[in-house]
Amino acid sequence: SFFHPTHADAMAEYLVEGGADVVFGCGGGTGSGGILRAAELGAKAIGVDVDEFDNTFKNAAPEVRNKIITSVLKKVPTAIEVGVSFLFDVPAGSWVASISGSMLLLDYGNNAVGLADCHESC
């Protein structure tokens, strides 16, 4: 689920106790809780969707905050801009090279995802 704190803590503990040096958490609040717990246990962390340093780790102790390396960001404004531009700029029924079938891939290549700054851990 996207917010199940008990699973987040248990998975983080399992990973860190199993030797994980870095935990990349995804899955909404569960992933965020998991990387916070992993950092509390001493592992480095990579977040997802938003800059976890400014969100999940905002009120964490300094020794925990310095464990977040970066976050993979969903750039929602870019996705909206691309979608709206197709709506207004591409004639109906037109072939668009960046669309495979009926799917448009939004990725690092078209600036729809990116990386947050490395704050205190770098």
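Residues numbered from 1 in each chain as written. Predicted model: local features only at pLDDT ≥ 70, side-chain atom pairs only at ≥ 80, totals over all residues. Heavy atoms only, no water.

K.L.:
I keep staring at the pairing of strand β3 (residues 68–74) and nothing clicks. Help me out?
P.N.:
Looking along a regular strand, one sees the side chains alternate between the two faces of the sheet. In this sheet, β3 lies alongside strand β2 (residues 44–49) in parallel orientation, the contact comprising five bridges. Bridge pairing in β3 links Ala45 to Ile68. Pairing between β3 and strand β6 (residues 113–115): three bridges, direction antiparallel. What sits directly across from Leu73, in β6, is Gly114. (Pairing = 2+ DSSP bridges. Helix = DSSP H or I, 4+ residues; strand = E, 2+ residues; numbered from the N terminus.)

K.L.:
What am I meant to see in the nonpolar core here?
P.N.:
General note: in soluble globular proteins, nonpolar side chains tend to be found buried as a group. Ile35, Ala38, Phe57 and Ile68 are the most contacted members of the largest nonpolar core, which totals 13 residues. The set of elements that each furnish at least two residues to this core consists of α1 (5–17) and α2 (29–40). Looking at which element gives the most residues to this core, the answer is α2, with three residues. Setting aside anything within four residues of it in sequence, one finds Ala38 in contact with Ala12, Val16, Val23 and Ala43. (Core = buried A, V, L, I, M, F, W, Y, C linked by side-chain atoms within 4.5 Å. Buried < 20%, exposed > 50% of the residue type's maximum accessible area, 1.4 Å probe, protein only. Contact = heavy atoms within 4.5 Å.)

K.L.:
Is there a simple way to think about the sheet that holds β3 in this case?
P.N.:
Hydrogen bonding along the main chain pairs the strands of a sheet, whether they run parallel or antiparallel. On the basis of which strands lie adjacent, the open sheet formed by four strands has the order β1-β2-β3-β6 and mixed pairing. The open sheet is flanked by β1 (22–24) and β6, the only strands paired with a single partner. Taking each pair of neighbouring strands and ignoring which way they run, the sheet shows an average axis angle of 15 degrees. (Axes fitted to C-alpha atoms, helices over the stretch in contact; angles between N-to-C directions.)

Shape descriptors only; they carry no functional weight alone.
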